[in-house]
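# Reading the structure
This is what each chain is made of:
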Amino acid sequence: MRKQYLPKDSLPALYEALRKRGYKIIAPHVHDGAIVFSEQHSPDTLPWGWQEETEPGRYQLQHTERDNKSENPARAFAWNNGPQGIKPWLFKPKQEMWRAEETENGLRFRQPDYAAEPIAFIGARACDLAALNLQDKHFIQGHYPDPFYSAQRQQLLLVAVNCQRSASTCFCTSTGDGPEALFGYDLLLDELDEGFLIEAKSEVGDEILVELALELPLELPLDACEQSLLEQAEQQLQQAAQQQRKMPSDSELRLLQNKLDDQRWHEIAEKCLACGNCTLVCPTCFCSKQESNSEKLGEVSLASVQTFHPEQSDNNDVASQVRVWDSCFSEQHSHIAGKNIRPEISQRYRQWLLHKLLMWQEQFGRSGCVGCGRCISWCPVGIDLVEEANLLLRSELDQAVEQATGERP
Amino acid sequence: MSVVLHTDHMVHLPKVASFVPVPARLIKKDQESDGLYTLHLEICSQQPEHIQQFARFQFGQFNMLSIMGIGEIPISIMGWQDGLLMHTIRSVGRVSEALNNLQPGSQIGLRGPFGQGWPLTDFTGRDLIFITAGLGCAPVVAAINYAVAHKQQYRRIVILQGVKHHQDLLWQSKYDEWRDKGDCQVLLAASEENKRKYHWRLGLVTELLELAEFDPSHCSVMMCGPEIMMLAALKQLNKQQVDESEVYLSLERNFQCGLGSCGHCQLGPYFVCKDGPVFHYPQIKPWFGHTGF
Ligand SMILES: Cc1cc2nc3c(=O)[nH]c(=O)nc-3n(C[C@H](O)[C@H](O)[C@H](O)COP(=O)(O)OP(=O)(O)OC[C@H]3O[C@@H](n4cnc5c(N)ncnc54)[C@H](O)[C@@H]3O)c2cc1C
Ligand code: SF4
Ligand code: SF4
Ligand code: SF4
Ligand code: FES
């Protein structure tokens, strides 16, 4: 597919081309000390020169320019990730499922109009694309495709970016999901000092590139670009090799099946606040709960609600059902009449870790962790999923090494 | 060329009715006992396929019942009679109580039927053993009714039910009917009283198993009730040489969506709402009875 050089000052043309095709542009920017995504109108708001410094329980942005301004001019994608992935744009934190209205013939239920709009998402990383692929499996390829997610998914255009460094919490090389974006995008950016190498991977992406070329006669110093890209790739490889964390492989993670009653769960529970942050920032978690609203009833007390007869109402809309994100760390998550299946935090942490790393494999054919490291940075007490997985498996992994080498590690 | 957006599977239109309820009208309510009631519901949709959809259910499947502005809960399908859908419900909280307070003529929302039911047709030619405990094991009652009505397809039918007090037993007359007219072996136990009454024993439903007459090598077992009871029954069945591959059981978890999306009902790698609620025991054995799963 088409590959071109896109000078920095041609970025507005890219934005314009996307807008002309009807896309709302969702791009990264700095907000409240983190990199977040929202509608943006100009490339000026990209996080030029920002980079995150992160470790378990800590995430802080700092400006790259301060360190080496001369050799490394400010880049837009020098950071790796923020608390969000693509998840909130498809599996929305709040989604109205249906609305009930009163008609002459009684109740009528209808699905709300999907708010699906063409979105161009700029700045997706390899791990985000891998996570998106997993959410597609859950929300689209299951028995009942989710109409809301599916509709928005079809309207999504992805402009991916190759990572050129790894944050200290990244471990995508060990899960096999990064740092290079290989699939699932329409356009891919490789950032160079003075511009970008832009590559199309889908038909729409290609058309957009054609349009760009038509509008601006680009010089194509492709050879020079390839050279500097090659250098960057090498750097990237080195960076990746230095990723400090290593998630055990899927087959190793299967041994977690032997750890259902491990003492370690109780040790983690002493630290874990059951706040659910790790599940909220995780790009693959999909839990939700449903809330029933009765807007016309407003402040009427529950007692009278219980004998409420929709027939006697005068307002048309009588109720709506809203789906909101939930977490297996919440107390209500596993509640059944008069009983909670997972009353202990140790059991909830176990559900989270085992679902993500073990049960996901059975459900979706691979582990549910794509190595983005978000749950590590955003856990208020710095619990490290990779460390926990390795600790839990230590004896099993040692045994495997011993069998393979005949030596005690 | 390599277009990588995975759009090929998106051509299936979502089954809208699964996400959005269909209206149903309460025609009649039977008060079975204090706090226990059966709703008879008429599907009010203008679309005939909706009526078909609810009429064609498997025993052991469930519907999601919603009452406007209060909530939505999973309830087993008890039966379909005279064009009406039946649900037997125990009032335990917010939604189940609101449903109990409904007056005939009121409308609710229905989504379903969902989940896997009892594979009754696989049990042809075998002894059937139904083991239940607690109140109103609706999914099993529907299956028993069917089995009794199609007795010629099966061999012996054994029905074991345990409750705390004998008056907790739902549908006493049904049990009499199954025993007397249906030619089934019916054994009942109350754990907290010694009611000197014919057919009643003091104790647990598991103890009834010893009195049950069936062929351990040609039987299929269907269980539903508290997990602790089902674990005990599994032990006893094992003692009596029943292979665990003959056992099916219905499970309960928190359900929010009913269709494999919300993540609430997970048990190990399974989503109880879509892979269950009826499971073949060997399938869930590694997880079943393990606290916290
Ligand atoms: C497959 C299946 C079949 C069932 N069949 C029947 C039946 O035939 N008859 C019957 O009486 N009961 C049945 N139940 C149990 C019934 O769903 C609960 O008693 C009911 O959800 C309680 O809701 P509540 O609002 O009245 O209780 P509350 O305790 O006030 O509220 C609990 C809330 O938790 C949520 N919840 C989700 N799933 C459950 C659950 N399983 N138990 C409790 N709360 C839940 C709901 O939002 C509910 O409103 C079944 C459950 C399952 C999973
Ligand atoms: S489990 Fe943690 S590291 Fe893995 S994908 Fe989720 S947030 Fe990222
Ligand atoms: S059960 Fe927990 S780990 Fe699994 S998807 Fe839900 S929130 Fe995430
Ligand atoms: S592991 Fe950390 S982020 Fe997750 S629930 Fe526990 S304290 Fe919160
Ligand atoms: S009830 Fe939502 S996944 Fe099972």
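Up top is the structure these notes are about.
Please read all numbers here as calculations on a predicted model, not as lab measurements.

Scoring rules and cut-offs
Residues numbered from 1 in each chain as written. Chains lettered and ligands numbered in written order. Predicted model: local features only at pLDDT ≥ 70, side-chain atom pairs only at ≥ 80, totals over all residues. Heavy atoms only, no water. Near = heavy atom within 4 Å. 1 Å grid on protein atoms, 1.4 Å probe; cavity = no way out; pocket = protein on both sides within 12 Å on 5 of 7 lines; lining within 4 Å. Sits in = over half its atoms within 2 Å of the grid points. Nonpolar A, V, L, I, M, F, W, Y, C, P; charged D, E, K, R; others polar. Salt bridge = Lys/Arg side-chain N within 4 Å of Asp/Glu carboxyl O. Helix = DSSP H or I, 4+ residues; strand = E, 2+ residues; numbered from the N terminus. Buried < 20%, exposed > 50% of the residue type's maximum accessible area, 1.4 Å probe, protein only. Arc of directions from axis to C-beta. Contact = heavy atoms within 4.5 Å. Core = buried A, V, L, I, M, F, W, Y, C linked by side-chain atoms within 4.5 Å. Axes fitted to C-alpha atoms, helices over the stretch in contact; angles between N-to-C directions. Parallel < 35°, antiparallel > 145°, perpendicular 65-115°, else oblique. Left-handed = near helix turned anticlockwise from the far one by under 90°. Pairing = 2+ DSSP bridges. Phe/Tyr/Trp six-rings, centres within 6.5 Å; stacked < 30°, edge-to-face > 60°. Lys NZ or Arg CZ within 6 Å of the ring centre and 35° of its normal. Disulfide = S-S within 2.5 Å.

## A word on the site of ligand 4
Residue and element names in this part refer to chain A.
- As a matter of local geometry, ligand 4 sits amid 13 residues, with Cys-272, Leu-273, Cys-275, Cys-278 and Cys-379 nearest to it.
- The cavity where ligand 4 resides is the largest cavity.
- Tallied by class, the residues present in the shell around ligand 4 amount to eleven nonpolar, two polar and no charged.

## Remarks on the pattern of salt bridges
- What the rule picks out here adds up to 33 salt bridges over all chains.
- Taking the shortest distance from any N to any O, the salt bridge between Glu-52 of chain A and Arg-165 of chain A comes out at 3.2 Å. With a gap of 113 residues between them, Glu-52 of chain A in strand 4 (residues 50–55) and Arg-165 of chain A in the loop between strand 9 (156–161) and helix 6 (172–175) connect regions that are remote in the sequence. Arg-165 of chain A carries the same exposure label as Glu-52 of chain A, and that label is buried.
- The residue Arg-374 of chain A makes a salt bridge to Asp-128 of chain A at a minimum N-O spacing of 3.1 Å. You can see Arg-374 of chain A sitting in helix 14 (residues 374–377) and its partner Asp-128 of chain A sitting in helix 4 (residues 126–139), a full 246 residues away along the chain. Here the two residues Arg-374 of chain A and Asp-128 of chain A agree in accessibility, since each one is buried.
- What you see here is one network of salt bridges that share partners, running through Asp-127, Arg-155, Arg-156 and Asp-215 of chain B.

## What to know about the site of ligand 3
- Taken together, Thr-279, Cys-285, Phe-286, Cys-287, Ser-327, Cys-328, Gln-351, Trp-352 and His-355 of chain A together with Gln-266 of chain B are the residues near ligand 3.
- One finds residues of chains A and B in close proximity to ligand 3.
- More than half of the atoms belonging to ligand 3 lie within 2 Å of the grid points that define the second largest cavity.
- Ranked by the residues each element gives to the shell around ligand 3, the list is headed by helix 13 (residues 345–364) of chain A, at three residues.
- Residue composition of the shell around ligand 3, by class: five nonpolar, five polar and no charged.

## Let's talk about helix 5 (residues 172–180) of chain B
All names here are of chain B.
- Those residues of helix 5 that fall on the buried side of the exposure criterion are Tyr-175, Trp-178 and Arg-179. When helix 5 is viewed along its axis, its buried side chains cluster within an angular range of 95° and face the same direction. Pointing more than 90 degrees away from the buried face of helix 5 are the exposed residues Ser-173 and Asp-180.
- Looking at the buried positions of helix 5, the neighbouring elements they touch are strand 8 (127–133), helix 4 (138–149), strand 9 (157–163) and strand 10 (185–190).

## Points about the nonpolar core
- Phe-121, Tyr-349, Trp-352 and Leu-353 of chain A together with Ile-131, Leu-160 and Leu-249 of chain B are the most contacted members of the largest nonpolar core, which has 149 residues in total.
- Examining the composition of this core, we find that nine residues originate from one element, helix 13 of chain A, more than from any other.
- The next biggest cluster of nonpolar side chains, apart from the first, holds 59 residues, and it includes Ile-75, Ile-108, Ile-144 and Val-186 of chain B.

## Concerning the packing of helix 4 of chain A against helix 5 (residues 147–154) of chain A
All names here are of chain A.
- Contact pair helix 4 / helix 5: the axes reach a minimum separation of 10 Å and the direction vectors enclose 135°. Classified by the angle their axes make, helix 4 and helix 5 are oblique. Classified by chirality, the crossing of helix 5 by helix 4 is left-handed. The residues of helix 5 that touch helix 4, namely those facing Leu-132, Gln-135, Asp-136 and Phe-139, are Tyr-149, Ser-150 and Arg-153.
- Looking at the contact of helix 4 with helix 5 residue by residue, the class counts come to three nonpolar, two polar and two charged.

## Notes on the sheet that holds strand 13 (residues 317–325) of chain A
All names here are of chain A.
- Pairing in this open sheet of four strands is antiparallel, and the strands run 7-6-13-12 from one edge to the other. Across the chains shown, the open sheet's two edge strands, defined by having one partner strand only, are strand 7 (106–110) and strand 12 (288–293). Direction aside, the axes of adjacent strands within the sheet are offset by 20° on average.
- Here strand 12 pairs with strand 13 via six bridges, running antiparallel. By the bridge assignment, Glu-291 is partnered in strand 13 with Val-322.

## With respect to the packing of aromatic side chains
Residues and elements named next belong to chain A.
- Summed over the entire model, instances satisfying the criterion amount to 26 aromatic pairs over all chains.
- Here the aromatic rings of Tyr-59 and Trp-378 are separated by 4.7 Å at their centres, their planes lie at 35°, and the arrangement is tilted. With Tyr-59 in strand 5 (residues 58–63) and Trp-378 in the loop between helix 14 and helix 15 (385–405), this pair connects stretches of sequence that are 319 residues apart.
- Residue classification places Tyr-59 among the buried positions, given a relative accessible area of 13%.
- Here the aromatic rings of Phe-91 and Trp-325 are separated by 5.8 Å at their centres, their planes lie at 40°, and the arrangement is tilted. Here Trp-325 lies in strand 13 and Phe-91 lies in the loop between helix 3 (87–90) and strand 6 (94–103), a separation of 234 residues in the sequence. Just as Phe-91 is buried, Trp-325 falls in that class too.
- Three or more aromatic residues joined by ring pairs form one cluster here, namely Phe-37, Phe-77, Trp-79, Phe-121 and Phe-196.
- Over the ring of Trp-325 we find Lys-87; its NZ or CZ atom is 4.5 Å from the centre of that ring.

## Some points on the state of the cysteines
Residue and element names in this part refer to chain B.
- Taken as a whole and judged by the stated rule, the model has zero disulfides over all chains.
- Unpaired in this structure, Cys-184 has its nearest cysteine sulfur neighbour in Cys-219, at a distance of 15 Å.
- According to the relative accessible area criterion, Cys-184 is buried, its value standing at 7%.

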